[in-house]
Amino acid sequence: MTSATDLDSLPGPHPGRDSDPTAPAASAESPATQPKKPPVPKPRRRRRSWRYIISPRFNRIGLLSALLVTSLSLVPSLLPRTPMMQGLVTGVAMVLGYGLGAGLRALWRFFELPIIPTRVRRPAALLTLIVLLGLLIDRIAHYTGWQNEVRELFGMPPVSSGVWIMITAIAAITGTVLLLIARTTRVVVRKIAHLLSLLMPPRVAHALSLTLSVVGVWLLVTGVLTNVFFTGANSAFSPVDLATAPGVEQPTSPMRSGSKYSNAGWDSLGRQGRNFVAGGPSVGDLNEFNEATDARMPIRVYVGLRSADTAEDRTQLLLDELIRTDAFDREALVIATSTGTGWLDAQAMSTFEYMFNGDTAIAGYQYSYLPSWISTLADQEVVREESVATFRAIQDYWSTLDPDDRPDIYLFGLSLGSYGVEAILRSPSIINEPIAGALMAGPTFLNPMHAELTDERDTGTSPALPIFDQGRTVRFTAGGDNLTHGVGLWGPSRVVYLQNGSDPVVFFSPELAWQSPAWLEAGNRAPDVSPEMGWAPVVTMLQVAIDLTAADSVPTGNGHRYSDQQFATAWAGVIGDDAWDDAQSAALSAFITEEQQGITP
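Since the model is a prediction, treat every value here as computed from it, not as a measurement.

A.B. asks: So what exactly am I meant to see when it comes to the overall build of the protein chain here?
C.D. replies: Each helix and strand in the protein chain was counted, giving 20 helices and 7 strands. Evaluated residue by residue, the protein chain yields a buried proportion of 46% over its 601 residues. Sequence-distant contacts in the protein chain: of pairs separated by 6 or more residues, those separated by 24 or more amount to 72%.

A.B. asks: Explain the pairing of strand β6 (residues 474–477) here, please?
C.D. replies: For a regular strand, side chains alternate in direction, first toward one face of the sheet and then toward the other. Burial of the side chains of β6 extends over both faces: V474 and F476 are buried on one face and R475 and T477 on the other. Where β6 lies against strand β7 (residues 494–498), 4 bridges are found, and the strand directions are parallel. Looking at β7, one finds that F476 is bridged to Y497.

A.B. asks: What should I look at first to understand the nonpolar core in this one?
C.D. replies: Where a protein is soluble and globular, its nonpolar side chains tend to be buried together. Of all hydrophobic cores here, the largest spans 97 residues; its most connected members are Y410, L411, F412, L425, L439, F567 and W571. Of all the elements, helix α19 (residues 564–575) adds the most residues to this core, at 6 residues. Setting aside chain neighbours within four positions, we find L425 in contact with L411, I430, I435, A438, M440, M449 and V495.

A.B. asks: Honestly, unusual backbone geometry in this entry has me stumped. Any pointers?
C.D. replies: Trans peptide bonds make up the majority, and among non-glycine residues the majority have a negative phi. At S415, a residue that is not glycine, the phi angle is positive and equals roughly 60°. Note on placement: S415 falls in the loop between β4 (408–414) and α14 (416–425). The backbone of Q470 shows a phi angle near 60°, a positive value even though the residue is not glycine. Structurally, Q470 is set in the loop between α16 (448–455) and β6.

A.B. asks: I'm lost on the packing of aromatic side chains in this one. Help?
C.D. replies: Geometrically, a pair of aromatic rings is defined through the distance of the ring centres and the angle of the planes. A full pass over the atoms with the stated rule returns 18 aromatic pairs. Taking the centre distance of 4.8 Å and the plane angle of 50° together, the rings of F328 and Y397 count as tilted. With F328 in the loop between α10 (311–324) and β2 (332–337) and Y397 in helix α13 (residues 380–398), this pair connects stretches of sequence that are 69 residues apart. For Y397, a relative accessible area of 30% gives the class partly exposed. Their ring planes at 40° and their centres at 4.9 Å tell us that F352 and F356 sit as a pair that is tilted. Taking relative accessible area as the criterion, F352 reaches 1% and is therefore assigned buried. A network of ring pairs unites the aromatic residues F352, F356, Y410, F412, Y562, F567 and W571 as a single cluster. Lying across the ring of W398, R406 places its NZ or CZ 3.8 Å from the centre.

A.B. asks: Please clarify how the confidence of the model for the protein chain should be interpreted in this entry.
C.D. replies: Interpreting fine coordinate detail is not advised for predicted regions of low pLDDT. On average, residues of the protein chain score 85 in pLDDT, and 85% of them are at 70 or above. Scored below 50 in pLDDT, residues 1–23 shows 8 contacts in the model against residues more than four places distant or in partner chains. Counting contacts from residues 597–601, a segment whose pLDDT is below 50, to residues more than four positions away or on other chains yields 14 contacts.

A.B. asks: Whenever I open this one, a nonpolar patch on the surface confuses me. Can you help?
C.D. replies: Together, L104, L107, W108, F111, L113 and I115 give the surface a local cluster of nonpolar side chains, amounting to about 640 Å² of exposed area. Along the chain, L107 turns up in helix α4 (residues 83–110). Residue class for L107 comes out partly exposed when judged on its relative accessible area of 46%.

A.B. asks: Even after reading the chapter, I still don't get the sheet that holds strand β3 (residues 360–365), so can you show me in this structure?
C.D. replies: Across a sheet, strands are paired by hydrogen bonds formed along the backbone, either parallel or antiparallel in direction. The strand order across the open sheet built from 7 strands is β1-β3-β2-β4-β5-β7-β6, with neighbouring strands paired in parallel fashion. Of all strands in the sheet, those with a lone pairing partner are β1 (299–303) and β6, marking the two edges. On average, each strand axis in the sheet is tilted by 15° relative to the strand beside it, whichever way the strands run. In the sheet, strand β5 (residues 437–441) pairs with β7 via 5 bridges, with the strands oriented parallel.

A.B. asks: Would you take a moment to explain a negative patch on the surface for this structure?
C.D. replies: Taken together, the side chains of D326, D329, D402, D404 and D405 make up a negatively charged region of the molecular surface. Here D329 shows up in the loop between α10 and β2.

Scoring rules and cut-offs
Residues numbered from 1 in each chain as written. Predicted model: local features only at pLDDT ≥ 70, side-chain atom pairs only at ≥ 80, totals over all residues. Heavy atoms only, no water. Helix = DSSP H or I, 4+ residues; strand = E, 2+ residues; numbered from the N terminus. Buried < 20%, exposed > 50% of the residue type's maximum accessible area, 1.4 Å probe, protein only. Contact = heavy atoms within 4.5 Å. Pairing = 2+ DSSP bridges. Core = buried A, V, L, I, M, F, W, Y, C linked by side-chain atoms within 4.5 Å. Phe/Tyr/Trp six-rings, centres within 6.5 Å; stacked < 30°, edge-to-face > 60°. Lys NZ or Arg CZ within 6 Å of the ring centre and 35° of its normal. pLDDT = per-residue confidence, 0-100. Patch = residues over 30% accessible without salt bridge, like charges linked within 9 Å, V, L, I, M, F, W, Y side chains within 5 Å. Areas by Shrake-Rupley, 256 points an atom, 1.4 Å probe, with all protein chains shown as cover. Salt bridge = Lys/Arg side-chain N within 4 Å of Asp/Glu carboxyl O. Axes fitted to C-alpha atoms, helices over the stretch in contact; angles between N-to-C directions. Lys, Arg positive; Asp, Glu negative; His and termini not counted. Charge placed at Lys NZ, Arg CZ, Asp CG, Glu CD.

Shown next, in the form of structure tokens:
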């Protein structure tokens, strides 16, 4: 007999242990034929944010776009490029191109547009890669020749193909840093979208997240970061203003601010103010060039930021200096608006004094410690207000004098200084007592009057040297002519814009991102602009924007640097000295160079 224990050890179901007597009989259907339960999906592992940021994986569409934009970045721009500049341009272009390609692909998928079949997509991508690599190789092969052509236009020595070592290194570093920043920003956008998706549909959350991120970055850059940058830059450059350039000594003449006779102390004038009052031609130089014996010591007055506590006090001090030096007894008086640091171009000031044989007075003032490329963005309101206030104070006193004895008033401004001159020309105070003339050199792309005159130029004229209203009041020059173009009668108040065709300060514009400029069209291109320079969306704007940082680093007569010969030609037009021709301008330039007059910043 088998025991219960033995039954338990046998295989199969056991009535008392494994089955319910009341349960229905088991189905004869095999397990293989029974329906299977759907598998439970495993939760998707989320990539760690830091792993994505440093991931070596790239979007293929983004890489193709990066190749294209990198090739475009190698085309010549307005100025010759150093290897470091080209590396920066190329590094930014790589990341910009990658972002554009990856962004377009993301938008395509976001809107659930049809996906190109793999059998078509892969051959097309391979063909595109081959074409873009060929284009990049072609641009690399031509790069050195293109740059040397531009350098030849500027009178600069050629470069060798060895520049590619630095270009590649700088581009790689720049591209890596920007890519890490971009990926970090993308992680932040996704985090915000994830939080918003708890409250709204996912697509709406992503769109809102992107919008909030863009607005937040814009406010951060234009608000907090910009203010911090400008404040920090002002503090950083302020000590530089205390230093005196080598060879610059305190003037002894009572005709100069900063002398012992002046109420504006030498130490308060700032570095550029001290350069200005200590420079310029002597009486002997003036007599020698003009073959005369009646030269007068030119008057130069100047007020620095440290000369008085407030803008009103500085304006009054400048007027007091003009009165103290008997400046209103001279033949010509120039109110000169400086650039950011307080710099006044030595060539512009000296040529004016030579042309009047010293019977002149020049008044300058400082409104910032910042260099021009920062001051252009930070000090627009300051230069506008202080330029108008200074002009009004001087004009109010001048208007009380005998019209037969008082000097003619001229205005001068270079770079952001021209922005201040335009503010004066547009002020109501100019109407009743018009000036004799104004010279603006290297006007910035922010100058409203310059932009209007260029846009509304006479039909058929070039934006590099436009003619407005037949040249009756305003004329443009690059210094290679005596301002005789224009068929209208010029005067009595003459305004001249001096601008090089290769000056990025003049020709930069945000519109370069989406619109080809008229100054690149056939027939409008200036002689010092490379014939190989073309236009590409976004890339050209980037190139010219980086040119801004090197605008003063080229030989005189190019870019944002203007020569004494150019200034002499322009001043002759403003003054109305028709007897002053190109030969005299060249002779004055040679004389100044020989005598090494003026202080270069």
